[in-house]
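An overview of the molecular structure
One letter stands for each residue in the lines below.
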Amino acid sequence: MIGLISATAAGAAARDRLAAARPGRTRVYEGPVRESVERAFAECEQLVCFLATGAVVRLIAPLLADKSADPGVVCVDEGLRYAVSLLGGHGGGANELAAEVADVLGCAPVVTTATDATDVPGLDTLGLPVEGAVAAVSRAILDGEPVALRSDAVWPLPPLPPNVGAEGEAVLRVTDRVVEPGAREAVLRPASLVVGVGASKGAPVDEVLGLIEEALREAGLSPLSIAELATVDAKAAEPGIVAAAERLGVPVVTYAAGELSAIAVPNPSGAPLAAVGTPSVAEAAALAGGGELLVPKRKSSPGGRAAMATCAVVRRAPRGRLAVVGLGPGARDLVTPRATEELRRASVLVGLDQYVDQIRDLLRPGTRVLESGLGAEEERARTAVAEARAGHAVALIGSGDAGVYAMASPALAEASDDIDVVGVPGVTAALAAAAILGAPLGHDHVSISLSDLHTPWEVIERRVRAAAEADIIVTFYNPRSRGRDWQLPKALVILAGHREASTPVGVVRNASRADESSRLTTLAGLDPTTVDMMTVVTVGNTATREIAGRMVTPRGYRWQS
Ligand code: SAH
């Protein structure tokens, strides 16, 4: 919940706008400002104060407890010019909140956290729990001091700046093992451990949790590295397991008894077989997603009565991450925020050199860029997948949408199920062009690539014919190049067999790029020699009209009348 506090009429008006923009997420505090701040500080995860920073500093100073527990605080000035992240920039989410508030109110976000301002990711923003000398190591990273990275395995971390490497007095360790961190050592905890849990009906949460903690302690493993608890379907709602997972802050994953019975385990037994239909719950559930059994089944020891819980611990191999990211047609503001986030999340970027140039400034320091020239598609796809399989966080980029006549298919044809794949859609050329032309795609439409480099011409021609016969709007990609000049005229002749010579045709070159141009013509009027590889050509259907200089396809005859 976000607590909102204001003192003036202007502040209250802005407060109400913010509350209206975030329904259900905010709570308005009214009455004396000091009391409001105190109550909100105790009750909310975040505060937005429409007050001067000085006033807020004085009010919250006596309330500050701990970086990990204090709420994030954002201040907005009376003139609505700035949303200042005042407290809890990372942990309290105030930096993000400042950006969000700025967005709603139209002011500028002010963020002073060193790691954000200089584009170096804070250790607490890497998506993994971190402990030890976090401030000292963050400082060393920021100061450009050599910091030694000691990782048990390759994890798909975001890029770390170049001064984080082999050597250094300050140490950044990535491990699931319990270590005694040095004075200048921070420890990142990867989500590598799966704890299989079995429990009799009504097993108390403390018994389940106690068993898990003891098992990890004796094996020298950190509870912060638990990825999930795993059990059999029949125990999905067992209160002791559910509550233990909640306290650990991890999900419960369950498997069918039949699936678990098929997994070979060191310690099968008769009791679970009779109760839930599998000879092993803890070991089998822990092993169901693969990995290495570090702690075989053990039972709780409640003392004085029979044990009600079992657990086993498995370490899973890290999984690399491949993001397939569409950059849109060219303009920076058509790169989606999610695409930007994935570009900054990746430590390895793979792409065509001219696309890399488009977004190089968005990359974080330390990103490894693997760029290659035109024609090296298969090699790029292979490289991206190989880097992900080596455990890295990889972004494979393409213009428009990376899945439309682009890199996603060769990459995923190459990829195995040992990596995670994330797709980020981009604005494809047909849509970028349509927005420039008007509303040409208002009814059924299709994209056809006229490149016969990878597809035989007979296949292309059959598809053009089908679109012509079915009266579907067609956007031609790869319409014409120096070596391929007869395909477009031929395709247009096929369409003209089923549409009037006056059918509108939109030609858009370099949509959303600096030298964008577009024109509206007709099937009879189009001069194919004016079309090149930077262009898409959209041919309307029999209902498409030119209206006020724009290309418009009605949504339907009935709807229109
Ligand atoms: N993945 C891309 C398409 C790659 S095929 C996408 O989704 O847009 C390459 C063809 O796309 C080019 O020959 C051209 O026909 C078209 N194209 C790509 N970007 C374009 C742009 N900005 N303006 C016009 N056409 C474009």
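Scroll up a little and you will see the structure.
Residues numbered from 1 in each chain as written. Predicted model: local features only at pLDDT ≥ 70, side-chain atom pairs only at ≥ 80, totals over all residues. Heavy atoms only, no water.

Some remarks on the nonpolar core
Among the nonpolar cores identified, the biggest contains 23 residues, and Val195, Ile212 and Leu229 are the most heavily contacted of them. Those elements that provide at least two residues to this core are β12 (193-199), α7 (205-219), β13 (226-232), α8 (239-248) and β16 (309-315). Broken down by element, the residue count for this core peaks at 7 residues, all from α7. Other than its neighbours up to four places away in sequence, isoleucine 212 contacts Val195, Val197, Ile226, Leu229, Leu248 and Cys311. (Core = buried A, V, L, I, M, F, W, Y, C linked by side-chain atoms within 4.5 Å. Buried < 20%, exposed > 50% of the residue type's maximum accessible area, 1.4 Å probe, protein only. Helix = DSSP H or I, 4+ residues; strand = E, 2+ residues; numbered from the N terminus. Contact = heavy atoms within 4.5 Å.)

Description of the environment of glutamate 461
Structurally, glutamate 461 can be placed in helix α17 (residues 457-469). On a C-alpha basis, the gap between glutamate 461 and histidine 445 in space is 17 Å, while along the polypeptide they are 16 residues apart. When neighbours within four sequence positions are excluded, glutamate 461 is seen to be in contact with Lys490 and Ile494. Of note is the side chain of glutamate 461, whose polar atom sits 2.7 Å from the side chain of tryptophan 457. (Polar contact = N/O pair within 3.5 Å; in protein donor to acceptor, adjacent residues only side chain to side chain.)

So, the sheet that holds strand β27 (residues 535-539)
Either a parallel or an antiparallel arrangement is found when strands of a sheet pair, and the pairing is made through backbone hydrogen bonds. The strand order β23-β24-β27-β25-β26 describes an open sheet built from 5 strands, whose pairing is mixed. Edge positions in the open sheet fall to β23 (445-449) and β26 (517-522), since each of these has one partner strand only. Across this sheet, the average inter-strand angle for adjacent strands is 20°, counted without regard to direction. Of the strand pairs in this sheet, strand β25 (residues 504-509) and β26 are connected by 6 bridges, and their pairing is antiparallel. When the sheet's bridge partners are listed, valine 508 is paired in β26 with serine 518. Of the strands in this sheet, β23, β24 (473-477), β25, β26 and β27 touch helix α16 (residues 429-437), which is tilted by about 115° from β25. Its contacts with the sheet place α17 against β23 and β24, and it is angled at close to 160° to β23. (Pairing = 2+ DSSP bridges. Axes fitted to C-alpha atoms, helices over the stretch in contact; angles between N-to-C directions.)

Geometric values such as these leave the question of function open.
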